[in-house]
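What follows is each chain in one-letter form.
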Amino acid sequence: MQIETVRMEDTKARLILRDATPALANALRRTMLQDIPKMAIDHVDFHLGPIMDDETGKEYESITSLFDEIIASRLGLVPIPTDYSQFTFRDQCECGGEGCPHCNIMYSLNKHGPGSVLSGDMIPLGDSSLKVKDEFIPIVQLTDNQAVLIYAYASMGTARKHVKWQAAFGVGYSYMPVITINPDMASDPEVIEAAVKRFPNLFEEKNGKLVVADLWSAAGYGREPFADLPHVLKGFATMEWDDSNYLFKYETDGSLTAQQVLDKAIEILVGEAQGVADMVGSLA
């Protein structure tokens, strides 16, 4: 299988898998969904009792409109920056799982009302580069006399254990559509107008001719999108599906870049394949 990068953005990617099979495409999809390690908050400590504002001397109640469990759940879904060179799984760390700077990130959240508590209010203790990139995720709303003082701890895991450790989303693939436009109809203004209206995003007009605009849109129109068409579009194009090449796309939550997710998924698949080969070899 060969992977061709069509578009690689910070949190989005489009790929073409060439000389592949459904099994290989699905293996890549499932690996991205459930086997990519990332950091996520999995332990939260809430301060109980009054909270004093050091600047004004005003006393606030450590209470909100939400249960602590709901706030903890929301914190767990905040994308935490993940650096494989700095962090490892807690049970594989040299600290023996007790929690240290090599397997654990500690955040403090200290805010009083009135106002919204956002993900950007989470302050990493120690390394400022670990500050949450998406700073506008709402956590809870505070009234005038309310405040929160929270210490949250992030560790590494995978989505096999919990969805908060899922790094990739919207992972999907389809056979490669092969669309052939009838050259005798490609320059007909009536055909161009009707085709663009009937199949938005799939076709567009370019230099007076009908051309394919976005192959990724083809999968949304079904297996035979040109089977039942008005008279003006009869025979204007044909579509076949190449089962040896695949359109593949995915997004990330921002804890890892799209390139990092792809690189890690390939690393995991190669390792698993080598493990199977070694087991088979040992039986010979």
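Residues numbered from 1 in each chain as written. Predicted model: local features only at pLDDT ≥ 70, side-chain atom pairs only at ≥ 80, totals over all residues. Heavy atoms only, no water.

1. A look at the overall build of the protein
Put simply, the rule reads: Per the convention used, a helix needs a DSSP run of H or I reaching at least four residues, while a strand needs a run of E reaching at least two, with both numbered from the N terminus. Based on C-alpha atoms, the radius of gyration is set beside the globule rule, defined as 2.2 Å times the residue count to the power 0.38. Whether a residue is buried, partly exposed or exposed follows from its accessible area with a 1.4 Å probe, protein chains only, as a fraction of its type maximum: under 20%, in between, or over 50%, in that order. Using a 1.4 Å probe, accessible areas were evaluated by the Shrake-Rupley method; residue-level cover was limited to the displayed protein chains.
On a plain count of helices and strands, the protein comes out with 4 helices and 14 strands. The C-alpha radius of gyration of the protein comes to 26 Å, more than 25% above the 19 Å expected for a compact globule of 284 residues. Here the C-alpha coordinates of the protein stretch approximately 80 × 65 × 30 Å along the principal axes. Classification of the 284 residues of the protein by burial places 39% in the buried group. When the accessible area of the protein is evaluated, it comes to approximately 15700 Å², of which 51% is carbon and sulfur surface.

2. What about the sheet that holds strand β1 (residues 2-8)?
Picture the strands of a sheet paired through backbone hydrogen bonds; they go either parallel or antiparallel. Where we set the bar: Being paired, for any two strands, means DSSP has found at least two bridges between them. Interaxial angle, 0 to 180 degrees, is taken between N-to-C directions of lines fitted to C-alpha atoms, where a helix line uses only the stretch in contact. When checking whether two residues touch, look at their non-hydrogen atoms; a contact exists if any pair is within 4.5 Å.
As summarised here, the arrangement of the 4 strands in space is β1-β2-β14-β11, forming an open sheet in which the pairing is antiparallel. At either end of the open sheet lies a strand with only one pairing partner, and these are β1 and β11 (168-181). Ignoring strand direction, the axes of neighbouring strands in this sheet form an average angle of 30 degrees. When strand β2 (residues 12-18) meets strand β14 (residues 237-252), the two strands line up antiparallel, connected through 6 bridges. From the neighbouring strand, Ile-16 faces β14, where its bridge partner is Leu-247. Each of β2, β11 and β14 touches helix α1 (residues 22-34); the most contacted strand, β11, lies at about 150 degrees to it.

3. Focus: the environment of Asp-184
With respect to the helices and strands, Asp-184 occurs in the loop between β11 and α3 (189-198). Since its relative accessible area comes to 73%, Asp-184 is described here as exposed.

4. A short note on the environment of Val-276
With respect to the helices and strands, Val-276 occurs in helix α4 (residues 258-283). A C-alpha to C-alpha distance of 17 Å links Val-276 and Ala-265, two positions 11 residues apart in sequence.

5. So, α3
The line we're drawing: As used in this structure description, the phrase polar contact means that two N or O atoms lie within 3.5 Å; if the pair is within protein, one of them must be able to donate a hydrogen and the other to accept it, and residues adjacent in sequence are counted only when both atoms belong to side chains.
When α3 is considered as a whole, its buried residues turn out to be Val-191, Ile-192, Ala-194 and Ala-195. Looking at the buried side of α3, the elements it contacts are β12 (203-206) and β13 (209-212). Where α3 begins, one side-chain oxygen reaches toward the backbone nitrogen of Glu-190, 2.9 Å away; that side chain belongs to Asp-188.

6. Remarks on the pairing of β12
Where β12 lies against β13, 4 bridges are found, and the strand directions are antiparallel. Looking at β13, one finds that Glu-205 is bridged to Leu-210. Where β12 hands over to β13, the hairpin turn is made up of 2 residues, of which Asn-207 adopts a positive phi near 55 degrees.

7. Side note on the packing of α1 against α4
Heads up, the rule is: Comment on the angle field: the value is read as roughly parallel under 35 degrees, roughly antiparallel over 145, roughly perpendicular from 65 to 115, and oblique elsewhere. We call a crossing left-handed when the near helix sits turned anticlockwise from the far one by less than a right angle, and right-handed when that turn is clockwise. Three residue categories are used. Nonpolar comprises Ala, Val, Leu, Ile, Met, Phe, Trp, Tyr, Cys and Pro, charged comprises Asp, Glu, Lys and Arg, and polar comprises the others, including Gly.
Where α1 meets α4, the closest approach of the two axes is 9 Å, and the angle between their N-to-C directions is 115 degrees. Here α1 is positioned roughly perpendicular relative to α4, judged by the angle of their axes. Classified by chirality, the crossing of α4 by α1 is right-handed. Of α4, the residues touching α1 (which contributes Ala-27, Leu-28, Thr-31 and Met-32) are Val-261, Leu-262, Ala-265, Ile-268 and Leu-269. A per-class count over the contact of α1 with α4 returns 8 nonpolar, 1 polar and no charged.

8. A few points about a nonpolar patch on the surface
Let me state the cut-off plainly: Think of a patch as exposed residues, more than 30% relative accessible area, with no salt bridge, where like charges cluster within 9 Å and nonpolar side chains (Val, Leu, Ile, Met, Phe, Trp, Tyr) cluster within 5 Å. We define a salt bridge as a side-chain nitrogen of Lys or Arg found within 4 Å of a carboxyl oxygen belonging to Asp or Glu.
A cluster of nonpolar residues, Met-1, Ile-3, Leu-24, Ile-266 and Val-270, forms a patch on the protein surface that exposes about 390 Å² of accessible area. With respect to the helices and strands, the residue Leu-24 is situated in helix α1.

9. Structural notes on the side chain of Thr-252
Turning to its location among the elements, Thr-252 is positioned in strand β14. Side-chain polar atoms of Thr-252 contact the backbone nitrogen of Gly-254, separated by 3.3 Å. Ignoring anything within four residues of it in the chain, the contact list for Thr-252 reads Asp-10, Thr-11, Ala-167, Ala-168, Phe-169, Thr-257, Ala-258 and Val-261.

10. Examining the nonpolar core
Note on soluble globular proteins: their nonpolar side chains tend to be buried together. The cut-off we apply is this: Residues belong to a common nonpolar core when they are buried Ala, Val, Leu, Ile, Met, Phe, Trp, Tyr or Cys residues joined through side-chain atoms within 4.5 Å.
Counting 23 residues, the largest nonpolar core has Ile-41, Leu-75, Ile-80, Ile-105, Tyr-107 and Met-122 as its most contacted members. The set of elements that each furnish at least two residues to this core consists of β3 (38-46), α2 (68-76), β6 (105-112), β9 (138-142) and β10 (147-157). The dominant element in this core, judged by the number of residues it contributes, is β10, at 5 residues. With residues near it in sequence (within four places) discarded, Ile-80 still touches Met-39, Ala-40, Ile-41, Ile-105, Tyr-107, Met-122, Val-132, Ala-154 and Ser-255.

11. Here's the deal with the pattern of salt bridges
The final tally for this structure, using the stated rule, is 8 salt bridges. Put simply, Arg-14 and Asp-214 hold a salt bridge, and the shortest N to O gap is 3.1 Å. Note that Arg-14 is positioned in strand β2 and Asp-214 in the loop between β13 and β14, a separation of 200 residues in sequence. By the burial criterion, Arg-14 is buried, and Asp-214 matches it. For Lys-38, the salt bridge is made with Asp-253, and the minimal N-O distance between the two is 2.5 Å.

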